[in-house]
Amino acid sequence: MSTPGRSSPPDGDAALRAVTGLAARLSGTVVVGIALFVLWQAWPALQAVGPLRFVTDAGWHPLAQPAQFNLLPMLVASVAVTLGAMLLAGPLGLFTAIFMTDYAPPALARLLRGVVELLAGVPSVVYGLWGLVTLVPLLAAWQPPGASLLAGILVLALMILPTMVLASHAAIAGVAAEHRLTVAALGFSCAGSLWGVLLPAARAGLCGALLLSTTRALGETMAMLMVTGNVARMPDSLFAPARTLTANIALELAYAMDRHRAALFVGGLLLTALVLALVRLARGLGCAWRHA
Amino acid sequence: MGSDAVSGGRRARPVIAMLLPLLLAGCGDGGKAATGKLMLTGSSTVAPLALEIAKRYEADHPGVRIDVQTGGSSRGITDARSGVADIGMVSRALKPDESDLVAHAIAHDGIAIIVHASNPVTELSADQIRAIYRGQIATWQAVGGPKRPITVVNKAEGRSTLELFLQHFGLANTQIHASVVIGDNEQGIKTVAGNPGAIGYVSVGAAEYAATHEVAIRLLPLDGIPASTVTVKDGRFPLSRPLNLVTRGQPQGLAGDFIAYARSAAVHDRVRSLYFVPLD
């Protein structure tokens, strides 16, 4: 999202350089440290159970005799709720942001921004509670049990919408003023300037908005735990209950020991790998393009 | 994550231990200045309660340090027998071949089967409950209720409530065909209250509190006995168990004092906060 150019700082900036360098190294070390910790905690299960059984076992019954450790239904559930939520919140967020920057009268834009920021500030447990006592009973009256992939998707879409709107808004509003002036001077229509110039110019920022929203959706725990039903079975429809990888960890970690605990960390490892894959995919799709 | 939370709790203690002598200085209770170490091992159901009681006991007795470790009721029995632990924690009544140990109940744990308040079904037999949880009965019509699918609410793996439920009905968790899996009691109560077709089970204390505070759930009787903290307390309700501290012979000294404290009314608020039923 930042400008790509990198100039070497003058000598007077040595102190700043040291401080920022230290901060960057610290952040990097923490991230790598967490990944290593998760791997270290998951290792006993990977060794005793073998990586293959985490995708081939009959189900997830870590305390049964013999224990079963299939994480695949939860991986699918995590991907499904994230994908569903992005399909809803992605376009909705982007269009809201475009409306706010280019079409809305300033007063309305300010109001919208305030509402979206408010939405962003609501803690996830509140969304979860709302889902549990309002949305799930509504869905249950229509398609029992109500707690389902669909409930997860709807709550999640609502939760990532503010991230999507605010990040897209920042990206579009950040397009250099000279681009806008040039476009206007060339007599582009509003739609033309939007699709032809502004959005391509904001592309890196928009990719960031998408990536940020997606990873936020993947990582959401509390709200998913409360509305998706948490049944560790492969969901076969939108109305079927499902358990996400994050909910699995939150549900069982406090009560898990030994191999069960390590198996939960394998789920964490899987989630980390999923996020990494996502970042790679975003790069592959051209998100790193800086000059359109 | 889990170990951080534990060490956080541990870290808080020295501060309390430093402040308490100041608070207690005027109490004139210096005669009971017990010191020493106690080791408790066993049931993971009893452990959270034992830990809470131990924290409070330590705060009252600055010279005492109490370690609580989990590992299941059988470890509690083994360790109390061998003397590895001063006190074992066991979440069931002692068996006949364990008569070398003495059990001291500190609370009762009971589970209530709950349905939506609007559900006309007033009683289910154990066989019907088994069939419902196995997915063999899928609508309320089959048990004399309305034509509505049953939403089976089960507990997440590792919970003692799940363990007691499975054990009582002779079910294995792999047989259960759940529609919703819940974590804590509150989530279970809200799930059932929001779904007229749901059936679930939660701690009796939590269910009774919710049902008497305008939450749309109803507690089903079991074998003709109403589910309530009263019937759990007097031992009549079948889906319940005592939470015991066990010792080899009658406990002496510090262990005896701690057990007497754990059985006293001073810890009833802690017992209730974990949704167990106090002794009296």
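Residues numbered from 1 in each chain as written. Chains lettered and ligands numbered in written order. Predicted model: local features only at pLDDT ≥ 70, side-chain atom pairs only at ≥ 80, totals over all residues. Heavy atoms only, no water.

Every contact between the two is made by 27 residues of chain A and, on the other side, 22 residues of chain B. Of the roughly 2,000 Å² buried where chain A meets chain B, counting both sides, 61% is carbon and sulfur surface. The tally of links from chain A across to chain B stands at zero salt bridges. For the pair chain A and chain B, the interface holds six residue pairs in polar contact (both at pLDDT 80 or more). (Contact = heavy atoms within 4.5 Å. Buried area = accessible area lost by both parts, 1.4 Å probe. Salt bridge = Lys/Arg side-chain N within 4 Å of Asp/Glu carboxyl O. Polar contact = N/O pair within 3.5 Å; in protein donor to acceptor, adjacent residues only side chain to side chain.)

Moving on, we get to a nonpolar patch on the surface. All names here are of chain A. Together, Phe 99, Tyr 103, Leu 108, Leu 111 and Val 115 make up an exposed nonpolar region whose accessible area comes to about 460 Å². Looking at the nonpolar patch, the elements that each hand over two or more residues are helix 3 (72–103) and helix 4 (106–121). With three residues, the single largest contributor to the nonpolar patch is helix 4. Structurally, Val 115 is set in helix 4. On the basis of relative accessible area, Val 115 is assigned to the partly exposed category, the value being 46%. (Patch = residues over 30% accessible without salt bridge, like charges linked within 9 Å, V, L, I, M, F, W, Y side chains within 5 Å. Areas by Shrake-Rupley, 256 points an atom, 1.4 Å probe, with all protein chains shown as cover. Helix = DSSP H or I, 4+ residues; strand = E, 2+ residues; numbered from the N terminus. Buried < 20%, exposed > 50% of the residue type's maximum accessible area, 1.4 Å probe, protein only.)

All names here are of chain A. Orientation of helix 6 (residues 149–173) relative to helix 9 (residues 203–219), taken along the N-to-C sense of each, is 160°, at an axis distance of 8 Å. Relative to helix 9, the element helix 6 is oriented roughly antiparallel. Seen from above, helix 6 lies across helix 9 with right-handed handedness. Facing helix 6, whose interface residues are Leu 156, Met 159, Ile 160, Thr 163, Met 164, Ala 167, Ser 168, Ala 171 and Ile 172, helix 9 presents Gly 205, Leu 206, Ala 209, Leu 210, Leu 212, Ser 213, Arg 216 and Ala 217. Grouping the amino acids of the contact of helix 6 with helix 9 by side-chain chemistry returns twelve nonpolar, four polar and one charged. (Axes fitted to C-alpha atoms, helices over the stretch in contact; angles between N-to-C directions. Parallel < 35°, antiparallel > 145°, perpendicular 65-115°, else oblique. Left-handed = near helix turned anticlockwise from the far one by under 90°. Nonpolar A, V, L, I, M, F, W, Y, C, P; charged D, E, K, R; others polar.)

This part is about the nonpolar core. In this structure, B:Ile113, B:Ile114, B:Leu124, B:Tyr133, B:Phe165, B:Ile199 and B:Leu239 are the most contacted members of the largest nonpolar core, which totals 83 residues. If you tally residues by element for this core, the top one is helix 6 of chain A, at eleven residues. Ignoring sequence-local partners within four residues, the contact set of B:Leu239 consists of B:Asp109, B:Gly110, B:Ile111, B:Ile113, B:Leu164, B:Phe165, B:His168, B:Phe169 and B:Leu222. Counting residues in hydrophobic clusters, the runner-up holds 27 residues, among them B:Ile66, B:Ile106, B:Leu243 and B:Ala262. (Core = buried A, V, L, I, M, F, W, Y, C linked by side-chain atoms within 4.5 Å.)

Residue and element names in this part refer to chain B. For chain B, the assigned domains are domain 1 (31–108 + 240–273) and domain 2 (110–233). Look at where the C-alpha atoms of domain 1 and domain 2 centre, and you get two points 31 Å apart. Taken together, the contact pairs four residues of domain 1 with six residues of domain 2. Taken over both partners, the interface formed by domain 1 and domain 2 buries close to 550 Å², and the fraction arising from carbon and sulfur atoms is 52%. (Domains from an automatic or database assignment.)

Looking now at the pattern of salt bridges. Enumeration according to the criterion identifies 16 salt bridges over all chains in this entry. Among the salt bridges present, the one from A:Asp102 reaches A:Arg180, with a minimum N-O distance of 3.5 Å. Highlighted residues: A:Asp102 in helix 3 and A:Arg180 in helix 7 (residues 177–185), separated in sequence by 78 residues. For A:Asp102, a relative accessible area of 28% corresponds to the partly exposed category. Residue A:Arg180 is classed as partly exposed on the basis of its relative accessible area of 27%. For B:Arg236, the salt bridge is made with B:Asp234, and the minimal N-O distance between the two is 3.5 Å. Accessibility expressed as a relative area gives 47% for B:Arg236, which makes it partly exposed. Of the residues examined, B:Asp234 reaches a relative accessible area of 43% and is grouped as partly exposed. Salt bridges sharing partners connect three or more residues here, namely B:Lys37, B:Arg65 and B:Asp67.

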